[in-house]
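# Analysis of the macromolecular model
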Amino acid sequence: MSSSLYIVIAGCGRLGSLLANELSRQGHSVVVVDRNEAKFAGLSAEFGGFTVVGDAVESDVLRQAKTGQADCFLATTNYDNVNLMLAQVAKTVFRVPLVIARVFDPSRESVYQQLGVATISPTRLSALAFQAAIQQGSAGQA
Ligand code: AMP
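Everything numeric here is computed off the predicted structure, so don't read it as measured data. The written sequence of each chain sets the order in which its residues are numbered from 1. Local features in this predicted model are restricted to residues of pLDDT 70 or higher, and side-chain atom pairs are both shown and tallied only at a pLDDT of 80 or more, whereas totals for entire chains, interfaces and linings draw on every residue. As a rule here, side-chain values come from all non-hydrogen atoms in the structure, and water together with hydrogens is ignored.

### Points about the site of the ligand
Here is the rule: By convention in these notes, a residue is near a molecule or strand provided one of its non-hydrogen atoms lies within 4 Å of it. Each polar contact in these results corresponds to two N or O atoms within 3.5 Å; when the atoms are within protein, one needs to be able to donate a hydrogen and the other to accept it, and residues that are neighboring in sequence are counted only if both atoms are side-chain atoms. Only the protein chains shown count as cover for residues, and the accessible areas themselves come from Shrake-Rupley with a 1.4 Å probe. A 1.4 Å probe that fits but cannot get out identifies a cavity on a 1 Å grid over protein atoms alone, an open set with protein on both sides within 12 Å along at least five of seven lines counts as a pocket, and a residue lines either if it has an atom within 4 Å of a point. A pocket or cavity is taken to hold a molecule when more than half of that molecule's atoms are within 2 Å of the pocket's grid points. Put simply, Ala, Val, Leu, Ile, Met, Phe, Trp, Tyr, Cys and Pro go in the nonpolar bin, Asp, Glu, Lys and Arg in the charged bin, and everything else, Gly too, in the polar bin.
Surveying the vicinity of the ligand reveals 18 residues, the closest of which are Arg 14, Asp 34, Asp 55, Ala 56 and Arg 102. Arg 14 places a side-chain nitrogen or oxygen 2.7 Å from an oxygen atom of the ligand. Here Asp 55 contributes a side-chain N or O atom positioned 2.9 Å from a nitrogen atom of the ligand. Relative to its unbound accessible area of 510 Å², the ligand is 95% covered by the protein chains. Placement of the ligand is best described as lying within the largest pocket. Split into classes, the residues belonging to the shell around the ligand amount to 5 nonpolar, 7 polar and 6 charged.

Below, the structure is given as structure tokens:
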């Protein structure tokens with residue numbers, strides 16, 4: 001990514017905090033939302049963005065995060081249903097141009113995609129990484 005983007009991340013747990021730290025380090029403007037304030041402890045000392053405490057399902061909380069001005073919205077809570085809902089709201093209500101949702105259940109990805117929501121499935125990615133590791137491992141033994 002070259003130019004600086006305004007990125008809202010809903011969910012600051014293991015995934016959201018990793019993304020927030022890295023995207024902030026790359027020079028993007030990042031706002032991260034979590035309903036559990038303690039989760040912001042996962043942000044690095046160098047994190048240069050903002051935090052909003054609250055349930056991202058509430059429109060007021062998304063407004064506080066200035067979602068309407070965002071170039072990109074990442075739904076990274078630990079609930080597929082919440083991520084789908086947030087992604088739809090970000091897309092249709094706040095008109096965010098790039099919206100991506102975390103979806104654990106790979107069988108649900110097609111539903112998201114039919115609704116025009118881009119998805120990333122950690123489960124699917126892990127399965128691919130495991131298979132690649134098996135191939136590398138067996139190639140190393142050959
Ligand atoms: P993790 O699975 O470790 O990436 O964490 C997911 C994060 O999403 C946790 O920090 C939760 O507190 C957060 N989370 C879950 N539901 C919501 C919600 N409705 N609004 C804001 N944050 C949420």
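Read on for the rest.
### Brief notes about the pattern of salt bridges
We count it as follows: For salt bridges, the criterion is a side-chain nitrogen of Lys or Arg within 4 Å of an Asp or Glu carboxyl oxygen. Only DSSP runs of H or I reaching four residues or more are called helices, and only runs of E reaching two or more are called strands; each is numbered from the N terminus. Per-residue accessibility, obtained with a 1.4 Å probe over protein chains only, is compared with the maximum for each type, and a residue is labelled buried under 20%, exposed over 50%, and partly exposed between these values.
Considering all chains together, one arrives at 3 salt bridges under this definition. Glu 22 is the salt-bridge partner of Arg 25, the closest N and O atoms lying 2.7 Å from each other. Here the residue Arg 25 and the residue Glu 22 both occupy positions in helix H1 (residues 14-25), the gap between them amounting to 3 residues, near one helical turn. For Arg 25, a relative accessible area of 61% gives the class exposed. A relative accessible area of 33% means that Glu 22 is categorised as partly exposed.

### Some words on H1
Think of an α-helix as 3.6 residues a turn; residues three or four steps apart then line up on the same face. Put simply, the rule is: The length a helix should cover is 1.5 Å for every residue beyond the first. Contact between two residues is taken to exist if any of their heavy atoms lie within 4.5 Å; hydrogens are not considered.
Along its 12 residues, H1 runs 17 Å from first to last C-alpha, staying within 8% of the 16 Å computed at 1.5 Å per residue. If you follow the buried residues of H1, they end up packed against strand S1 (6-10), strand S2 (29-34) and strand S4 (72-75). Phi turns positive, to about 100°, at Gly 27, one or two residues after H1.

### A few points about the side chain of Thr 67
Within the secondary structure layout, Thr 67 lies in the loop between helix H2 (59-64) and S4. Judged by relative accessible area, which is 0%, Thr 67 ranks as buried. Here Leu 62 takes part through its backbone oxygen, which lies 2.6 Å from a polar atom of the side chain of Thr 67. Once residues within four sequence positions are removed from consideration, Thr 67 is found in contact with Val 8, Leu 62, Phe 73, Phe 94 and Val 96.

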